Amino acid sequence: MSMTEKVTHYSQNYDEAFEQLPHYQAYPRMRPFVGRLYGHHSPKILLIAESHYLPPESSLHLDAQRWYEGTESSLSDSDKPGWINTRGILDKPNGQWKAKGHEIYRRLNRALGEAGYSGGGNLFRYVAFMNGFQRPAITGDSLKVQKKDIDVATETLNGVIDIIKPELVIFVSKKASRHLAKRINIKSSSVPHPACPWWYRASKRGTGKARFLHCILDPHPYSQN
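Analysis parameters
Residues numbered from 1 in each chain as written. Predicted model: local features only at pLDDT ≥ 70, side-chain atom pairs only at ≥ 80, totals over all residues. Heavy atoms only, no water. Helix = DSSP H or I, 4+ residues; strand = E, 2+ residues; numbered from the N terminus. Rg over C-alpha atoms; globule rule 2.2 N^0.38 Å. Buried < 20%, exposed > 50% of the residue type's maximum accessible area, 1.4 Å probe, protein only. Pairing = 2+ DSSP bridges. Contact = heavy atoms within 4.5 Å. Axes fitted to C-alpha atoms, helices over the stretch in contact; angles between N-to-C directions. Salt bridge = Lys/Arg side-chain N within 4 Å of Asp/Glu carboxyl O. Phe/Tyr/Trp six-rings, centres within 6.5 Å; stacked < 30°, edge-to-face > 60°. 1 Å grid on protein atoms, 1.4 Å probe; cavity = no way out; pocket = protein on both sides within 12 Å on 5 of 7 lines; lining within 4 Å. Points joined across faces, edges and corners; volume = space filled by probe spheres on them.

As for the overall build of the protein
The helix and strand inventory of the protein stands at 8 helices and 7 strands. A compact globule built from 225 residues should have a C-alpha radius of gyration of about 17 Å, and the protein, at 17 Å, falls within 12% of that. Principal axes of the C-alpha set define a box for the protein whose edges measure 50 × 45 × 35 Å. Counting only residues that meet the buried cut, the protein has 52% of its 225 residues in that class.

In structure tokens form, the structure reads like this:
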């Protein structure tokens, strides 16, 4: 390997199967991030967040039907298609996400280290990650969920689960969990969004981070669907 060749933290071993899923045929950049060491540190974990975002000047995603009938080629450069590139966003060489909106990745990465994942740097290399909803929200806002969003999310999530066969699924978004947990073909756990105040603020069930660590360190789901 040359000194300039980039070492990626994700695996492409599942891509042939992902390409059979309808949504990824239309939007291949949204394919899940599956760490190159996924399964090397038991259990095999799939983290499910809420959604990607597109900038305020974008419009394709504002109409659910139009979004799902579209493709990546429908996005212009001003739409910032890189914003829906799951792997591009997560594949930081040293686990350093500098953007303000990437606090979710910083906090999850630190928590994975506290859960015993070793080696430092980008610890997402040990897990899989995707968003539950397959239509982006407006920057700074939460997705206004429609029936089509739930239908496509259900089909896509179950397709991914069938392909990568996780042993533990953790929703890191209460909204995604509320709409989707009972629709997937595996029991799951749910914790507050890592970028929200409840990640560090204690409730009767503890902080969000403590619950996340409990999910990983205890083989039984913290809150099953």
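Things to note about the sheet that holds strand E7 (residues 189-190)
Pairing is mixed across the open sheet formed by 5 strands, whose spatial order is E1-E4-E2-E6-E7. The sheet is open, and its two edges are formed by strand E1 (33-34) and E7, each paired on a single side. Bridging between strand E2 (residues 45-49) and strand E4 (residues 128-131) involves 4 bridges; their strand directions are parallel. The partner of Ala49 across the bridge, within E4, is Asn131. Against the sheet, helix H8 (residues 208-217) engages E2, strand E6 (168-171) and E7, with an angle of about 170° to E6.

Focus: the pairing of E2
The buried count for E2 comes to 5 of 5 residues, which makes it a mostly enclosed element. Where E2 lies against E6, 4 bridges are found, and the strand directions are parallel. In the sheet register, Ile48 faces E6, and the bridge partner there is Phe171.

Focus: the environment of Leu108
Following the sequence through the fold, Leu108 ends up in helix H5 (residues 103-114). The exposure class assigned to Leu108 is buried, which follows from its relative accessible area of 0%. With 53 residues separating them in the primary sequence, Leu108 and Pro55 have C-alpha atoms 24 Å apart.

Observations concerning the pattern of salt bridges
Applying the stated criterion across every chain, the model contains 12 salt bridges. With a shortest N-O distance of 2.8 Å, Glu103 and Arg107 are connected by a salt bridge. One end of the pair, Glu103, and the other, Arg107, are both in helix H5, 4 residues apart, so they sit about a helical turn from each other. Judged by relative accessible area, Glu103 falls into the buried class, the value being 19%. Glu103 serves as the salt-bridge partner of Arg110, at 3.7 Å between the closest nitrogen and oxygen. According to the relative accessible area criterion, Arg110 is partly exposed, its value standing at 44%. Sharing partners across several salt bridges, the network here consists of Asp15, Glu19, Arg31 and Arg87.

A word on the packing of aromatic side chains
The final tally for this structure, using the stated rule, is 12 aromatic pairs. Ring plane angle 80° and centroid distance 6.4 Å describe the contact between Tyr14 and Tyr38, whose orientation is recorded as edge-to-face. Taken together, the residues Tyr14 in the segment before helix H1 (15-18) and Tyr38 in the loop between E1 and E2 connect sequence positions 24 residues apart. A residue is classified by how much of its surface remains accessible, and Tyr38, at 7% relative accessible area, is buried.

Quick look at the layout of surface pockets
In this approach the atoms are scanned with a rolling probe the size of a water molecule, which exposes any empty space left behind. Roughly 510 Å³ of internal volume is contained in the largest pocket. Around the largest pocket, the lining comprises 22 residues; the ones closest to its centre are Ser51, Tyr53, Gly101, His102 and Tyr105. Elements supplying a minimum of two residues to the lining of the largest pocket: H5 and E4. With 3 residues, the single largest contributor to the lining of the largest pocket is H5.

Some thoughts on the pairing of E4
Side chains Ala128 and Met130 project from E4 onto one buried face, and the interleaved Phe129 and Asn131 project onto a second face that is buried too. Of the strand pairs in this sheet, E1 and E4 are connected by 2 bridges, and their pairing is antiparallel. From the neighbouring strand, Val34 faces E4, where its bridge partner is Ala128.

All we've got here are geometric facts, nothing functional implied.
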